[in-house]
Amino acid sequence: MLKLEDICMQVSNDNGENIEILKGLNIKFQKGKVYAVTGPNGGGKTSIAKVIMGIYRHSKGHIYLEDEDISELSVTERARKGIGYAFQQPPRFKGLTIKDILNIASPEADLIYLRKYLRDVGLCPEDYLDRDLGAGLSGGEIKRIEMAQLLLRAPLISIFDEPEAGVDLWTIQKLLGLIVSRYKNNPHKTAVIITHNEKIIPMCDEILVIDGGVITAQGTPKEIWHLIKDEIECKVRDQCQGDVIYEIK
Amino acid sequence: MKLSKLDLDLLNTIADIKGVPSGALNIRLNGASLIRQSSPNISVGPNADGTGLIVEIKPGTRDETVHVPVVLTQAGLQDKVYNTFIVGEGADATIIAGCGIHNDSHAISRHDGIHEIIVKAGAKLKYLEKHYGEGSDAGKRVLNPTTVITVEAGASAELEMVQIKGVDDTVRSTIAHVHEKGNLKIIERLLTQGEQKAESDIQIVLEGTGGTAQVLSRAVAQGNSFQLFRAALIGKAACLGHVECDAILMDKARIRSIPEIQAENADAVLTHEAAIGKIAGEQLVKLMSLGLTEEEAVNTILEGFLR
Ligand SMILES: Nc1ncnc2c1ncn2[C@@H]1O[C@H](COP(=O)(O)OP(=O)(O)OP(=O)(O)O)[C@@H](O)[C@H]1O
Ligand SMILES: [Mg+2]
């Protein structure tokens, strides 16, 4: 289990002032479950993922992995203990091939597995293994390769940050089916999917809504999906009315 | 004279050869030719004044390679050589040059290689030159290569020049003339560390219509090292030229990059791109999130960048 206890995180803005991005979060991610983390843009979802991975440092609180306090551990140490994160916007690398990065992700994995996971994310291994991770790949291709790395690594906690972004409709459905079937009821692992996709959310065991750095709703899809939908509809209505008023003016 | 283990190791590093390769070859050890052999299509012989080699690749030769590596293991030796390479019409060949210096002394070991390359009409050349130095720190290892290349009509040449570790001081000068529909690509990869200095000066004159030239420079400067990169493209006809200089700067190192484009014809399309920066933080944490230490992540990024 991964536990966040009263986690706060600050960044400094352009004026050098500290602003609080995460405000006292308490979350438990259990094994055998698939979590959806959703909420408006800028709500703090990626920040949570980066705090868990150790990329951002929290200013208050503790993070526990299997009851061990990992708050002070580096990114490397956390990765080795079993935390994995597929970036929302994966960086590109000049001169590294897809095969290289997959080998880094899982040094002991056989080539057969590298091929398998590329196929799983909808990429033909023959065409992609030797391609450069530099500027030549499309946004969707980079995202798929990012997911292949995490699927291959299969750490205790896998956090996918907007896996649907930039990935075509044909692939994403298959891919999510794969993630969900792989992690649901898996007694050893946890998946966290940060997403805006309304097809993904109902497939998960639990939903967390993050807004303004706090949890505004939490529960099973049955319990809270209608709440989210109502809220979205309200917002859409407000915005539409706003438009109408603007036009009349 | 025989090759020692040290010589063989250096040869392997700079020319990727284990033992003595078959085919056309000249191994220069400590200022003298140690092994020299020609092949039916490639003749390797001394030049008229005995200051270096003439390598002639017969017209129409297909897929052949000539090795001309230089090894310096004698401390304090100052070696200078003038080599001429002629790639005959329509030939397709590879030249593997390169220099490895081992210097444990306090004296300067130095090799100046002056190479003139003529790629005749319709021929295709790949030229590889790797530079490498090793030994204790006191004695300097100095390499000053000069390459003058002519790419004749419809010919193409790719020059790959790599300096991996251990060369204290280098001034590299490359001058190229590219004629009608000729094509030249220069790839340069450079790593400097400690107190090392490296200077590369490339000048390409695109003389004929339809000529193309491309320079790709990848540089990493670490420690207190300094690099100066100068590339000038001169377009005298309707031609296409591009210079790209990408550098990673670390520690207290400095890099100065001066791209220059000069067009003397309205249909010359010349462009340059230069970027110097440190390793992107996102790249580092990405690799660390896969379990690499920071040091391993840095090395992986640099290795890829210089590959
Ligand atoms: N390094 C940073 N420096 C300054 N502000 C930051 C930094 N990282 C995040 N923020 C701010 O923190 C807030 C939360 O960002 P975060 O990326 O976590 O949002 P998100 O919920 O993932 O949004 P999205 O749905 O758009 O991906 C935003 O207002 C963002 O601008
Ligand atoms: Mg985000």
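Residues numbered from 1 in each chain as written. Chains lettered and ligands numbered in written order. Predicted model: local features only at pLDDT ≥ 70, side-chain atom pairs only at ≥ 80, totals over all residues. Heavy atoms only, no water.

Visitor: Sorry if this is basic, but what is going on with the interface of chain A and chain B here?
Guide: Many descriptions give the size of an interface as the accessible area lost when the pieces come together. On the chain B side, the residues contacting the 25 residues of chain A number 20 residues. Carbon and sulfur atoms supply 60% of the area that chain A and chain B bury against each other, a total of about 1800 Å² over both sides. Per-residue buried area on chain A facing chain B is highest for A:Phe93, A:Lys94 and A:Ile104; these three make up 30% of the total on that side. Counting the contacts that link chain A with chain B gives five salt bridges. Its salt-bridge partner being A:Asp100, residue B:Arg307 comes within 2.9 Å of it at the nearest N-O pair. Our enumeration of links across chain A and chain B arrives at nine residue pairs in polar contact (both at pLDDT 80 or more). Of all the secondary-structure elements, those providing two or more residues to the side of chain A that touches chain B are α1 (45–53), α2 (75–81), β6 (83–86), α3 (98–105) and α6 (139–153) of chain A. (Contact = heavy atoms within 4.5 Å. Buried area = accessible area lost by both parts, 1.4 Å probe. Salt bridge = Lys/Arg side-chain N within 4 Å of Asp/Glu carboxyl O. Polar contact = N/O pair within 3.5 Å; in protein donor to acceptor, adjacent residues only side chain to side chain. Helix = DSSP H or I, 4+ residues; strand = E, 2+ residues; numbered from the N terminus.)

Visitor: Which parts of the structure should I look at to understand the site of ligand 1?
Guide: Residue and element names in this part refer to chain A. In the neighbourhood of ligand 1, 14 residues make up the surrounding shell, with Gly42, Gly44, Lys45, Thr46 and Ser47 lying closest. Between ligand 1 and serine 47, the relevant distance is 2.6 Å, taken from an oxygen atom to a side-chain nitrogen or oxygen of the residue. For ligand 1, the accessible surface in isolation is 630 Å², of which the surrounding protein chains cover 64%. Per element, the largest residue contribution to the shell around ligand 1 is three residues, and it comes from α1. For the shell around ligand 1, the per-class residue count stands at four nonpolar, eight polar and two charged. (Near = heavy atom within 4 Å. Areas by Shrake-Rupley, 256 points an atom, 1.4 Å probe, with all protein chains shown as cover. Nonpolar A, V, L, I, M, F, W, Y, C, P; charged D, E, K, R; others polar.)

Visitor: So what exactly am I meant to see when it comes to the coordination of the magnesium ion (ligand 2) here?
Guide: Ideal geometry at a metal centre: 109.5 degrees between donors when four sit tetrahedrally, and 90 or 180 degrees when six sit octahedrally. All names here are of chain A. Protein coordination at the magnesium ion (ligand 2) comes from Thr46 (OG1) and Gln88 (OE1), with a distance range of 1.9 to 2.1 Å. With threonine 46 in helix α1 and glutamine 88 in the loop between β6 and α3, the pair connects residues that are 42 residues apart, well separated along the chain. The exposure class of glutamine 88 is partly exposed, given its relative accessible area of 29%. (Donors = N, O, S within 2.8 Å, 3.2 Å for Na, K, Ca; no water. Buried < 20%, exposed > 50% of the residue type's maximum accessible area, 1.4 Å probe, protein only.)

Visitor: So what exactly am I meant to see when it comes to α3(A) here?
Guide: Since the α-helix packs 3.6 residues into each turn, any two residues three or four apart lie on the same face. With respect to burial, α3(A) is a largely interior element, six of its eight residues being buried. Of all the positions in α3(A), only A:Ile98, A:Asp100, A:Ile101, A:Leu102, A:Ile104 and A:Ala105 are classed as buried. Contacts from the buried residues of α3(A) go to α4 (111–120), α5 (125–128) and α6 of chain A together with α2 (281–288) and α3 (294–305) of chain B.

Visitor: Can you help me understand the packing of α4(A) against α6(A) in this one?
Guide: Helix packing for two helices is described by the angle between their axes and how far apart those axes are. All names here are of chain A. The interhelical angle for the contact between α4 and α6, taken along N-to-C directions, is 130°, at an axis separation of 9 Å. On the basis of the axis angle, α4 is oblique to α6. Considering only the axes of α4 and α6, their crossing is right-handed. Contacts between α4 and α6 involve Tyr113, Leu114, Tyr117 and Leu118 from the former and Ala148, Leu151 and Leu152 from the latter. Partitioning the contact of α4 with α6 into residue classes produces seven nonpolar, no polar and no charged. (Axes fitted to C-alpha atoms, helices over the stretch in contact; angles between N-to-C directions. Parallel < 35°, antiparallel > 145°, perpendicular 65-115°, else oblique. Left-handed = near helix turned anticlockwise from the far one by under 90°.)

Visitor: Just to check I follow, could you spell out the packing of α2(B) against α3(B) for this structure?
Guide: Residue and element names in this part refer to chain B. Orientation of α2 relative to α3, taken along the N-to-C sense of each, is 120°, at an axis distance of 9 Å. In terms of orientation, α2 and α3 fall into the oblique class. Note on packing geometry: the crossing formed by α2 with α3 is right-handed. Between α2 and α3, the residues in contact are Gln283, Leu284, Leu287 and Met288 and Glu294, Ala297, Val298, Thr300 and Ile301, respectively. Residues belonging to the contact of α2 with α3 are distributed by class as follows: six nonpolar, two polar and one charged.

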